[in-house]
Amino acid sequence: MRRVVPIALVAAFLFFATLSHGVERIVILPFESLSKDDISFIQQVVPKLLSSRLAEMTGLDTVTAEVASPDEALVTYGPSYLVSGSVTKLGSTYSLDIIVHDPSGEKVGGYFSSAQDENGILASLEGLAEDVAGVIPEAKIAGKGEEGALVAGGVPPAEGPPVQKAVEEPQVMAAEKSKAEQKRAAEPETDGKEKEVAAVMMVGKGAEPASKVGWEFTGIKVEKTLGKLPGEINRLAVGDVDGDGSVEMAFMGTFKVYIYRYKDEKFYPVTTIERGIDHHFLNIEVYDVDGDGTDDFVVTDLFSEFLRSFVIGKKGSGLGITVEGIPWYLRVFDDFKGERVLVGQKLGFESPYSDRAFIMSWDGSSLKEVEKFDVPTNVEKVMGVINMNSFMEGEEQKFVLIDQYEKIRVADDEGRIFWKSGDYYSGALDFFMIPSENIGAEGELVRYYVNGRIQRVPHENKIVFLVRKATKPLLKDLRSFSKSSIVLVEWDGDGFVEVLEGEEASNLITDFAIFEAKEGEPMIVASIIVKEESGLSRGSSRIELFTVR
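Residues numbered from 1 in each chain as written. Predicted model: local features only at pLDDT ≥ 70, side-chain atom pairs only at ≥ 80, totals over all residues. Heavy atoms only, no water.

Chemist: Explain empty space enclosed by the protein here, please?
Modeler: By the definition in use, this model includes two cavities of 30 Å³ or more. As for the second largest cavity, its lining consists of 13 residues, of which Asn234, Asp430, Val450, Arg468 and Thr510 are closest to the centre. In terms of residue class, the lining of the second largest cavity is made up of five nonpolar, five polar and three charged. (1 Å grid on protein atoms, 1.4 Å probe; cavity = no way out; pocket = protein on both sides within 12 Å on 5 of 7 lines; lining within 4 Å. Points joined across faces, edges and corners; volume = space filled by probe spheres on them. Nonpolar A, V, L, I, M, F, W, Y, C, P; charged D, E, K, R; others polar.)

Chemist: I'm lost on the nonpolar core in this one. Help?
Modeler: For soluble globular proteins, nonpolar side chains are generally found buried alongside one another. Counting residues in hydrophobic clusters, the biggest one holds 28 residues, and the most contacted among them are Phe31, Leu50, Leu54, Val83, Leu96 and Val132. Counting residues per element, the ones that place at least two in this core are β1 (25–28), α2 (40–58), β4 (81–90), β5 (93–101), β6 (107–115) and α5 (125–134). In terms of residue count, α2 provides more of this core than any other element does, seven residues in total. Apart from residues no more than four positions distant in its own chain, phenylalanine 31 is found in contact with Gln43, Val46, Pro47, Leu50, Ser84, Gly85, Ser86, Val87, Leu96, Asp97 and Ile98. Counting residues in each nonpolar core, the second largest holds 23 residues, with Val341, Val375, Met383 and Val450 among its members. (Core = buried A, V, L, I, M, F, W, Y, C linked by side-chain atoms within 4.5 Å. Buried < 20%, exposed > 50% of the residue type's maximum accessible area, 1.4 Å probe, protein only. Helix = DSSP H or I, 4+ residues; strand = E, 2+ residues; numbered from the N terminus. Contact = heavy atoms within 4.5 Å.)

Chemist: Looking at this structure, how should I read the pairing of strand β13 (residues 256–263)?
Modeler: Side-chain positions along a regular strand alternate between the two faces of the sheet. For β13, a buried count of six out of eight residues is recorded, marking the element as mostly surrounded by other parts of the structure. Between strand β12 (residues 247–252) and the antiparallel strand that follows it, β13, lie three residues. Bridge count between β13 and strand β14 (residues 266–274): eight bridges; the pairing is antiparallel. Among the inter-strand pairings, tyrosine 260 is bridged to a residue of β14, identified as proline 269. Taken together, β13 and the strand that follows it, β14, pair antiparallel across an intervening segment of two residues, in which aspartate 264 is found at a positive phi of about 55°. (Pairing = 2+ DSSP bridges.)

Chemist: Would you take a moment to explain α2 for this structure?
Modeler: A turn of α-helix holds 3.6 residues, and therefore any two residues three or four places apart point the same way. Taking 1.5 Å of rise per residue, 19 residues should cover 27 Å, and α2 covers 28 Å from first to last C-alpha, within 8% of that figure. With 14 of 19 residues buried, α2 lies mostly within the body of the structure. (Expected span 1.5 Å × (residues − 1).)

Chemist: Explanation requested: the environment of phenylalanine 267 in the structure shown.
Modeler: Here phenylalanine 267 is to be found in strand β14. Each C-alpha atom, one on phenylalanine 267 and one on glutamate 248, is 9.2 Å from the other, the two residues being 19 residues apart in sequence.

Chemist: Can you walk me through the sheet that holds strand β26 (residues 408–411) in this structure?
Modeler: Sheet strands pair via backbone hydrogen bonds, and the direction of the pair is either parallel or antiparallel. Judged by pairing direction, the sheet is antiparallel, and its four strands sit side by side in the order β24-β25-β26-β27 without closing on themselves. Strands with a single pairing partner mark the edges of an open sheet, and in this sheet they are β24 (388–393) and β27 (417–420). Averaged over neighbouring strand pairs, the angle between their axes works out to 25° when direction is ignored. Where strand β25 (residues 396–402) meets β26, four bridges bridge the pair, whose relative direction is antiparallel. Paired with valine 400 across the strands is valine 410, a residue of β26. (Axes fitted to C-alpha atoms, helices over the stretch in contact; angles between N-to-C directions.)

Chemist: For this particular structure, what's the right way to read the pattern of salt bridges?
Modeler: Working definition: two side chains of opposite charge can pair if their charged atoms are close together. Evaluation of the coordinates by the stated rule reveals 21 salt bridges. The residue glutamate 393 makes a salt bridge to lysine 398 at a minimum N-O spacing of 3.4 Å. Using a relative accessible area of 5% as the deciding quantity, one classes lysine 398 as buried. Of the charged contacts in the structure, one is a salt bridge between lysine 469 and glutamate 498, with a shortest N-O distance of 2.7 Å. Taken together, the residues span a long stretch of sequence, with lysine 469 in strand β31 (residues 464–470) and glutamate 498 in strand β33 (residues 496–501) at a distance of 29 residues. The class of glutamate 498 is partly exposed, set by a relative accessible area of 32%. Each of Asp242, Asp244, Glu248 and Arg261 takes part in a single network of salt bridges with overlapping partners. (Salt bridge = Lys/Arg side-chain N within 4 Å of Asp/Glu carboxyl O.)

Chemist: Mind showing me how you'd approach the sheet that holds strand β20 (residues 329–336) here?
Modeler: With antiparallel pairing, four strands are arranged side by side in an open sheet as β20-β21-β22-β23. Strands with a single pairing partner mark the edges of an open sheet, and in this sheet they are β20 and β23 (367–372). When strand polarity is set aside, the average angle formed by the axes of neighbouring strands in this sheet is 45°. Alignment of strand β22 (residues 353–362) against β23, held across five bridges, turns out to be antiparallel. Along β23, the bridge assignment pairs serine 361 with lysine 368.

Chemist: Looking at this model, I keep getting lost on α5. Mind explaining?
Modeler: Here α5 has its buried residues at Leu125, Leu128, Ala129, Val132 and Ala133. Looking down the long axis of α5, one finds its buried residues gathered within 140° of arc, a one-sided arrangement. Looking at the buried positions of α5, the neighbouring elements they touch are α2, β4, β5, β6 and α4 (118–123). (Arc of directions from axis to C-beta.)

Chemist: What should I look at first to understand the side chain of glutamate 544 in this one?
Modeler: Within the element layout of this structure, glutamate 544 appears in strand β37 (residues 540–547). A relative accessible area of 6% means that glutamate 544 is categorised as buried. A polar contact is formed between the side chain of glutamate 544 and the side chain of threonine 225, at a distance of 3.1 Å. (Polar contact = N/O pair within 3.5 Å; in protein donor to acceptor, adjacent residues only side chain to side chain.)

Chemist: Looking at this structure, how should I read the packing of α2 against α5?
Modeler: Pairs of packed helices are described in terms of their axes, by the angle between the two and the distance that separates them. Where α2 meets α5, the closest approach of the two axes is 9 Å, and the angle between their N-to-C directions is 55°. Regarding the angle of α2 to α5, the classification is oblique. The handedness of the crossing between α2 and α5 comes out as right-handed. Residue-level contacts link Val46, Leu49, Leu50, Arg53, Leu54, Met57 and Thr58 of α2 to Leu125, Glu126, Ala129, Glu130, Val132 and Ala133 of α5. Across the contact of α2 with α5, the residue classes break down as nine nonpolar, one polar and three charged. (Parallel < 35°, antiparallel > 145°, perpendicular 65-115°, else oblique. Left-handed = near helix turned anticlockwise from the far one by under 90°.)

Given below as structure tokens:
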């Protein structure tokens, strides 16, 4: 027979437990709607935004609860500060009521705000979050972070570490073979006419090539479908972040990074790094930030009108945020004067990108600019380092980028464009806007797209890159991509030529990374949009492995 413990007794036990153990969690209960109008959007988004702001301000684990009952929340989440509230709309005016209870059930704060529209009431959450944080003794308020926390020097940090939690959707990496793999197994052997390209891979800063003898690229074909992830996965990165010899894969959504480990041909969930919905992740790279010999994931994070980028690395026995509050767009350039470097670029004034970029270096506690980096950052005032890469041709430095028309361009070391592709590459879906700079000449909102990755594949005597190629939409603003593929291109001295094109995927391949699955056996992991996000759906993405020979 199942024994039932009274809720009141459990709550009492949890309260006394907090007397000897500090409370380190804030639980946001579902908000109540007190309006006859349909304000479900505000009702749902307020707890999420409030949770995001409190997590950043306090440094505490902050969650939005599924259960509405305070007693059930205490049982589900343990000793917690409970935040409840209601949303009201009267005419065009919105109002918010927020109440805070400590783990014993005692009310410790009550707050109110009102505004004339949705934007105003959402903006008021900043002040309300500060009020709530002020009555929580365990909170580490703005600038009073944990001792030893790594924060970018000289810049006000996002007030506390982001919420980090275990992956909740492990169905993502089901290791079953795709129909494409079964179909390929039945195909006859090739006649050997596919062009072979020998190449070697490099992962992380200063890493030696994974195979000295090189790999033969005779094709790029789907090996297996790993599964699905929620939302649109816009970027990904692969590296050995914990230093155990296996690789971690980071799949970046708009404000979440899902991290998995690939080991013995299987995938294991590691963690999820999550910010609030007021953040927008633009790029993720793999780079040994602090020079300790292990890789880190470097995330460019746009928070409202500010850059608050951060680094994910080894932290304790797991992975977590190791540096945050970095005010730069961050991009790895694969071959700058023969080295792999991390480049930072600030926000601009007349465009999202400034015309100055720097090579970044670790100073013992943060990333600092150490050398000016001259790149064509002002190409028609819309390009930034996150859309670029580089290569050396003999003694001459060249830069390669995907422009706003999604053509490949090549520039010299003085930033002069001297070659442009005729074909259409990239097929970008992810875009952002800088609120204070987003009005065009005719009063239109301007979208700045994050274009597809162009990744260098190290080779002993050839200059080769992997890029994404997509079907060009019929209309410029109708970004619907029915097919896409990964393409290997080679620089012949006068321009890039396609060497081979990978197996076509339905929908859009958003990003890819090449890694060594086993010694001498390279593979490509790619993210593919299955369903685009909309007001009614968060969308989904498919993760696939490709063989390269």
